[in-house]
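Listed below are the residues making up each chain.
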Amino acid sequence: FEELGATFVKLGQLVASSPTLFPEAWTSEFEKCLDDAPPIPFHVVKKTVEQSLGRRLSTTFASFDREPLATASVAQVHAATLRGTGERVVVKVIKPGVADSLIADLAFLNG
């Protein structure tokens, strides 16, 4: 199901989260959409964050965890520590290509 893209995973998550609206067989099957999102590799995370910030990770963060705290169909989150203040933060990283995929999928679904 995930090969169809983020929009369809989101639809699967809606089905899984609505047991009173859909048959139990459907909600059970689509529960996989809630838990089974693969993480993107760290080199992609690093590049995405650096492009977004316009600077190197090491300039903004004293540390940045390579492993995500959580991952989902659209984004994943990483723990980090800000350089200078030492404040612990969570950085949400939108997976590359997701926005374009969502727009294309919604346009297709809209007919």
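Just so you know, these numbers come straight off a predicted model, no measurement behind them.

Novice: What is the right way to look at the overall build of the protein chain in this model?
Specialist: Along its length, the protein chain carries six helices and four strands. Element order for the protein chain, N to C, with α for helix and β for strand: α-α-α-α-α-β-β-β-β-α. Among the 111 residues that make up the protein chain, the fraction classed as buried is 32%. Considering only intrachain contacts with a sequence separation of at least 6, the fraction spanning at least 24 residues in the protein chain is 39%. Per element, the accessible surface of the protein chain, about 7,200 Å² overall, is 59% carbon and sulfur.

Novice: Help me understand the side chain of Gln76, please; the structure alone is not making it clear to me.
Specialist: Mapped onto the elements, Gln76 comes out in strand 3 (residues 75–82). Here Ile40 takes part through its backbone nitrogen, which lies 2.9 Å from a polar atom of the side chain of Gln76. Here Thr71 takes part through its side chain, which lies 3.3 Å from a polar atom of the side chain of Gln76.

Novice: Sorry if this is basic, but what is going on with the nonpolar core here?
Specialist: In globular proteins that are soluble, nonpolar side chains generally tend to be buried together. Ile40, Phe42, Val45, Val49, Leu57, Phe61, Phe64, Ala80, Val91 and Val93 together form the largest nonpolar core, which totals 10 residues. For this core, the element with the highest residue contribution is helix 4 (residues 42–53), accounting for three residues. Setting aside its immediate chain neighbours within four residues, Val45 contacts Ile40, Phe64, Gln76, His78 and Val93.

Novice: Hey, could you run me through the pairing of strand 3 in this one?
Specialist: A regular strand places its side chains so that they alternate between the two faces of the sheet. Of all eight residues that make up strand 3, six are buried, and the element is covered over most of its length. Sheet topology places strand 1 (residues 61–64) next to strand 3; three bridges connect them, and they run antiparallel. Paired with Phe64 across the strands is Ala80, a residue of strand 3. Of the strand pairs in this sheet, strand 2 (residues 70–71) and strand 3 are connected by two bridges, and their pairing is antiparallel. When the sheet's bridge partners are listed, Thr71 is paired in strand 3 with Gln76. The antiparallel hairpin formed by strand 2 and strand 3 contains three residues in its connecting segment. Here strand 3 pairs with strand 4 (residues 88–94) via seven bridges, running antiparallel. Bridge pairing links Ala80 to Val89 in strand 4.

Novice: Any chance you could explain the side chain of His78 here in plain terms?
Specialist: You can see His78 is positioned in strand 3. Engagement of the side chain of His78 in a polar contact is seen with the backbone oxygen of Asp65, the distance being 2.9 Å. Dropping the residues within four chain positions of it, His78 is found in contact with Val45, Phe64, Asp65, Arg66, Glu67, Pro68, Leu69, Val89, Val90, Val91 and Val93.

Reading the values: the criteria
- Residues numbered from 1 in each chain as written.
- Predicted model: local features only at pLDDT ≥ 70, side-chain atom pairs only at ≥ 80, totals over all residues.
- Heavy atoms only, no water.
- Helix = DSSP H or I, 4+ residues; strand = E, 2+ residues; numbered from the N terminus.
- Buried < 20%, exposed > 50% of the residue type's maximum accessible area, 1.4 Å probe, protein only.
- Contact = heavy atoms within 4.5 Å.
- Areas by Shrake-Rupley, 256 points an atom, 1.4 Å probe, with all protein chains shown as cover.
- Polar contact = N/O pair within 3.5 Å; in protein donor to acceptor, adjacent residues only side chain to side chain.
- Core = buried A, V, L, I, M, F, W, Y, C linked by side-chain atoms within 4.5 Å.
- Pairing = 2+ DSSP bridges.

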